[in-house]
Every structure is written in structure tokens, then in C-alpha cells.
Amino acid sequence: MDLDVNSHLFNSRSAKSASRASRHALLLLEKKVKHFEEAKKKTECFHKQLQQQFLKEEERKMAQRKKASERFEKSLEVLSRRSGKSAAPSARGLSASEATPLEDAVAAAPEGTKRHV
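A short tour of the structure in this document, coming up. Remember, predicted model here, so these are calculated numbers, not experimental data. (Residues numbered from 1 in each chain as written. Predicted model: local features only at pLDDT ≥ 70, side-chain atom pairs only at ≥ 80, totals over all residues. Heavy atoms only, no water.)

1. Structural notes on the overall build of the protein
For the protein, the count of helices and strands is two helices and zero strands. When the accessible surface of the protein is split by element, carbon and sulfur atoms take 58% of a total near 11500 Å². (Helix = DSSP H or I, 4+ residues; strand = E, 2+ residues; numbered from the N terminus. Areas by Shrake-Rupley, 256 points an atom, 1.4 Å probe, with all protein chains shown as cover.)

Here it is in C-alpha cells:
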């Protein structure tokens with residue numbers, strides 16, 4: 001069936017109504033797509049903001065841990081100087097075969113005896 005512009009069916013009310021309804025549905029669909037794209041953009045921006053905030057907090061925590069570790073190492077050095085012993089090796093430089101004096105004392109104590117450390 002050919003649709004002729006001058007035909008009676010093409011110009012009928014039902015055809016115009018259907019055309020209007022489809023245009024309305026198309027406009028609604030375009031609005032939904034636009035709304036979805038805006039929401040997606042906002043979500044991406046929010047995700048990026050949260051990611052930057054997380055990384056900033058992690059860097060801050062790492063800096064605090066590093067400072068605390070440095071303070072602890074420094075206090076160990078001061079304590080070892082006061083007791084007259086050589087500086088204790090840092091935990092990073094300790095090999096598997098080396099043991100600290102505390103570990104030696106625990107290893108030498110037989111099981112069942114209590115040691116106050």
C-alpha cells in the first residue's frame with residue numbers, strides 16, 4: 001500500500017493523532033536520554049572527587065606512619081645509647097638469621113617457665 005500525501009487515509013485524524021503521539025513519545029525519550037547523560041556526568045564527577053579524596057587521605061596516613069616510624073627508630077637509638085649497647089638494627093635491615101636480644105632470651109627459656117620482659 002502506497003502512502004500518498006493526498007490520500008484520504010494520510011490526512012485522517014487518526015493518522016495525525018498517531019503522528020502526534022509518536023512525536024510526543026520521541027520527545028519524552030530524548031528527555032530521558034538527556035537526564036540519564038546528566039546523571040552519568042554527575043556520577044563520574046562525584047566518583048572522581050571521592051577517588052581524589054581517598055588518595056589524599058591515604059597519602060596523609062602514610063606520611064603519619066612514616067613520621068611515627070622515624071620517631072620510634074630515633075627513640076630506640078636514644079635508649080640503646082643510654083644503655084651503652086650499640087644501636088639496634090632497624091627492622092628493615094634484619095635478616096632471617098639474625099635475632100634480637102629479646103628473641104634470643106625467649107628462645108633460650110624452656111617452655112613452662114615464665115619470663116618477665
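2. Section: a nonpolar patch on the surface
A cluster of nonpolar side chains, namely L26, L29 and V33, defines an oily patch on the protein surface of about 260 Å² accessible area. As for its placement among the helices and strands, L26 is situated in helix α1 (residues 13–83). We classify L26 as partly exposed; its relative accessible area is 47%. (Patch = residues over 30% accessible without salt bridge, like charges linked within 9 Å, V, L, I, M, F, W, Y side chains within 5 Å. Salt bridge = Lys/Arg side-chain N within 4 Å of Asp/Glu carboxyl O. Buried < 20%, exposed > 50% of the residue type's maximum accessible area, 1.4 Å probe, protein only.)

3. Notes on a positive patch on the surface
On the surface, R13, K16, R20 and R23 cluster together to form a positively charged patch. Its place among the elements puts R23 in helix α1. (Lys, Arg positive; Asp, Glu negative; His and termini not counted. Charge placed at Lys NZ, Arg CZ, Asp CG, Glu CD.)

4. Considering α1
For α1, spanning 71 residues, the distance from its first C-alpha to its last is 104 Å, which sits close to the expected 105 Å at 1.5 Å a residue. Directly after α1, the chain includes G84, whose backbone phi takes a positive value near 85°. (Expected span 1.5 Å × (residues − 1).)

5. Looking at the pattern of salt bridges
Within this structure, the stated rule accounts for two salt bridges. Note that K61 is salt-bridged to E58, the shortest N-O span being 3.8 Å. Here K61 and its partner E58 are both found in helix α1, three residues apart, which amounts to about one turn of the helix. Exposure remark for K61: the relative accessible area of 31% places this residue in the partly exposed category. Residue classification places E58 among the partly exposed positions, given a relative accessible area of 26%. E77 is the salt-bridge partner of R81, the closest N and O atoms lying 3.7 Å from each other. Here R81 pairs with E77, and both are found in helix α1, just four residues apart, close to one helical turn. For R81, a relative accessible area of 59% translates into the label exposed. In this structure E77 comes out as partly exposed when scored by relative accessible area, which is 37%.

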